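Now for the letters of each chain:
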Amino acid sequence: MKKSMKRLKGEDAFDQFYSKLYPGRWDELKRALLSEKNYVAYYNPYLVQDYEGEKKSSHLYEKKEWDAPSFIGELKNYYLLDYASTLPVKALEVNSHDTVIDLCAAPGGKSLMIMGHNPLSLVCNDLSHQRLQRLKKTMQDYLPTEQREKITYTKRDASKWGLFEKNVYSKTLLDAPCSSERHFLEKKELMQDWSEGRSRRLAMLQFSLLAAAIDITQSGGSVVYSTCSISHWENDEVIRKALKKREGKFEVLPLSLEDESERTEFGIQFLPDKSKFGPFYLCKLRIC
Ligand SMILES: C[S@@+](CC[C@H](N)C(=O)[O-])C[C@H]1O[C@@H](n2cnc3c(N)ncnc32)[C@H](O)[C@@H]1O
């Protein structure tokens, strides 16, 4: 019986898995995942301009609907993104002394926000050539030349990074590839391929990416891990595995709760049945 349940695929298996994970909440959460997304505008800090909407935090403004970004002179005015997905950059606390790496960087919203903090340097890495090209175009559209000169672009498998560099970066962002359940629900044709095994396989990749992130970050530096998945295998369970396999190498730092976010065992999570934003999970580590 157990074996045949594991082999279950498609929307029934999806519902079965997530209703167990979110008892008494799944119907509402599933509906919310299918509703329209809300965006905030990250106003370009390298432009002087008037801001619209309600301030969420520095350079981030909320409004019901936004026009598409446009150029003011040579740079674009704002970049639209989910508010919850801006929080990994806030949690990194980048300053002008930091050498930063964004291991899964494309299409580039978070890299762009990192550059807004004027770091010493930033490595933008992504395995996908096409997505890396999009990221470069974004940097071209939003950043002045002196900021763009601080960026190195690479196209490597980030899970292997620890093999050739160790203890190098002061801040590491790992916004990992994940199940992205919202995407599965929106594209019904993808749903037939969903299985719990897929989420567990992604969790294995996420763990190897996180292990690399830990290995390449300096002692005293920090790593922020994030996903847009609602599967525990891809969130807290990845951190739990790292705590075992990289024992003593890092500690989990508490993150302050934002409006409408919820605490998980190791991090915080935004779920769209309780929040206008998300789904999104993040966790912050300090390297020992
Ligand atoms: C969630 S997206 C990153 C979004 C990005 N941080 C942003 O804010 O725009 C995950 C990215 O990881 C990349 N990726 C997948 N496997 C990878 C690997 N082994 N090494 C590096 N990048 C990988 C994908 O191409 C994808 O662009």
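Residues numbered from 1 in each chain as written. Predicted model: local features only at pLDDT ≥ 70, side-chain atom pairs only at ≥ 80, totals over all residues. Heavy atoms only, no water.

1. Structural notes on the site of the ligand
Here is step 1 of the chain: Neighbouring the ligand are 19 residues, the closest being Gly-108, Lys-110, Asp-126, Arg-131 and Asp-175.
Here is step 2 of the chain: At 3.0 Å, a backbone N or O of Cys-104 approaches a nitrogen atom of the ligand.
Here is step 3 of the chain: Bound to the protein, the ligand loses 85% of the 600 Å² it would expose on its own.
Here is step 4 of the chain: Looking at the shell around the ligand, its residues break down into nine nonpolar, four polar and six charged. (Near = heavy atom within 4 Å. Polar contact = N/O pair within 3.5 Å; in protein donor to acceptor, adjacent residues only side chain to side chain. Areas by Shrake-Rupley, 256 points an atom, 1.4 Å probe, with all protein chains shown as cover. Nonpolar A, V, L, I, M, F, W, Y, C, P; charged D, E, K, R; others polar.)

2. Examining the packing of aromatic side chains
The geometry of an aromatic ring pair is captured by the separation of the ring centres together with the interplanar angle, meaning the angle of the planes.
Here is step 1 of the chain: In total, this model carries 17 aromatic pairs according to the counting rule given.
Here is step 2 of the chain: Residues Tyr-18 and Trp-26 carry aromatic rings whose centres are separated by 5.3 Å and whose planes lie at 25° to one another, so their mutual orientation is stacked. Across the pair, Trp-26 and Tyr-18 agree in class, each one buried.
Here is step 3 of the chain: Following the ring pairs from residue to residue traces out a cluster consisting of Phe-14, Phe-17, Tyr-18, Trp-26 and Trp-194.
Here is step 4 of the chain: A cation sits over an aromatic face here: Lys-56 above Tyr-83, 4.3 Å from the ring centre.
Here is step 5 of the chain: Over the ring of Trp-66 we find Lys-63, and its NZ or CZ is 4.9 Å from the ring centre. (Phe/Tyr/Trp six-rings, centres within 6.5 Å; stacked < 30°, edge-to-face > 60°. Buried < 20%, exposed > 50% of the residue type's maximum accessible area, 1.4 Å probe, protein only. Lys NZ or Arg CZ within 6 Å of the ring centre and 35° of its normal.)

3. Details of the pattern of salt bridges
Here is step 1 of the chain: The final tally for this structure, using the stated rule, is 21 salt bridges.
Here is step 2 of the chain: Salt-bridge contacts for Glu-11 lead to Lys-188; the nearest nitrogen and oxygen are separated by 3.3 Å. Separated by 177 residues along the polypeptide, Glu-11 in helix H2 (residues 10-21) and Lys-188 in helix H9 (residues 188-191) bring together distant segments of the chain.
Here is step 3 of the chain: Between Glu-237 and Arg-240 there is a salt bridge whose closest N-O contact spans 3.0 Å. With a gap of three residues between them, Glu-237 and Arg-240 both fall in helix H11 (residues 236-245), about one helical turn apart. (Salt bridge = Lys/Arg side-chain N within 4 Å of Asp/Glu carboxyl O. Helix = DSSP H or I, 4+ residues; strand = E, 2+ residues; numbered from the N terminus.)

4. Comments concerning unusual backbone geometry
Here is step 1 of the chain: Of note, the amide linkage connecting Ala-106 to Pro-107 takes the cis form, showing an omega dihedral of 5°.
Here is step 2 of the chain: A cis amide bond, omega 10°, links Gly-278 with the succeeding residue Pro-279.
Here is step 3 of the chain: With respect to the secondary-structure elements, Pro-279 resides in the loop between strand S14 (268-270) and strand S15 (280-287).
Here is step 4 of the chain: Positive phi, close to 70°, is recorded for His-59, a residue that is not glycine.
Here is step 5 of the chain: Checked against the element boundaries, His-59 lands in the loop between strand S2 (54-57) and strand S3 (60-62).
Here is step 6 of the chain: One non-glycine residue, Asn-118, adopts positive backbone phi at about 55°.
Here is step 7 of the chain: Checked against the element boundaries, Asn-118 lands in the loop between helix H5 (109-115) and strand S8 (121-125).
Here is step 8 of the chain: Using a relative accessible area of 33% as the deciding quantity, one classes Asn-118 as partly exposed.

5. What about the nonpolar core?
Here is step 1 of the chain: Counting residues in each nonpolar core, the largest one holds 34 residues, and the members touching the most others are Leu-92, Leu-112, Ile-114 and Leu-282.
Here is step 2 of the chain: Among the secondary structure elements, those contributing two or more residues to this core are strand S1 (40-43), strand S6 (78-81), helix H4 (87-92), H5, S8, helix H6 (129-142), S14 and S15.
Here is step 3 of the chain: Taken domain by domain, the makeup of this core includes at least three residues from each of domain 1 (2-35 + 83-287) and domain 2 (39-81).
Here is step 4 of the chain: Setting aside its immediate chain neighbours within four residues, Ile-114 contacts Val-89, Leu-92, Val-94, Val-100, Asp-102, Pro-119, Leu-122 and Leu-173.
Here is step 5 of the chain: If you look at the next biggest cluster of nonpolar residues, it comprises 28 residues, including Val-123, Trp-161, Leu-210 and Ala-213. (Core = buried A, V, L, I, M, F, W, Y, C linked by side-chain atoms within 4.5 Å. Domains from an automatic or database assignment. Contact = heavy atoms within 4.5 Å.)

6. Some points on H6
Here is step 1 of the chain: The first and last C-alpha atoms of H6 sit 20 Å apart over 14 residues, in line with the 20 Å expected at 1.5 Å per residue.
Here is step 2 of the chain: Along H6, the residues classified as buried are Leu-132, Leu-135, Thr-138, Met-139, Asp-141 and Tyr-142. (Expected span 1.5 Å × (residues − 1).)

7. Digging into the environment of Leu-92
Here is step 1 of the chain: As for its placement among the helices and strands, Leu-92 is situated in helix H4.
Here is step 2 of the chain: Taking the relative accessible area as the measure of exposure, Leu-92 reaches 0% and is therefore buried.
Here is step 3 of the chain: On a C-alpha basis, the gap between Leu-92 and Asn-235 in space is 18 Å, while along the polypeptide they are 143 residues apart.
Here is step 4 of the chain: If we ignore the near neighbours within four places in the chain, the residues touching Leu-92 are Val-100, Ile-114, Lys-171, Thr-172, Leu-173, Ser-222 and Val-224.

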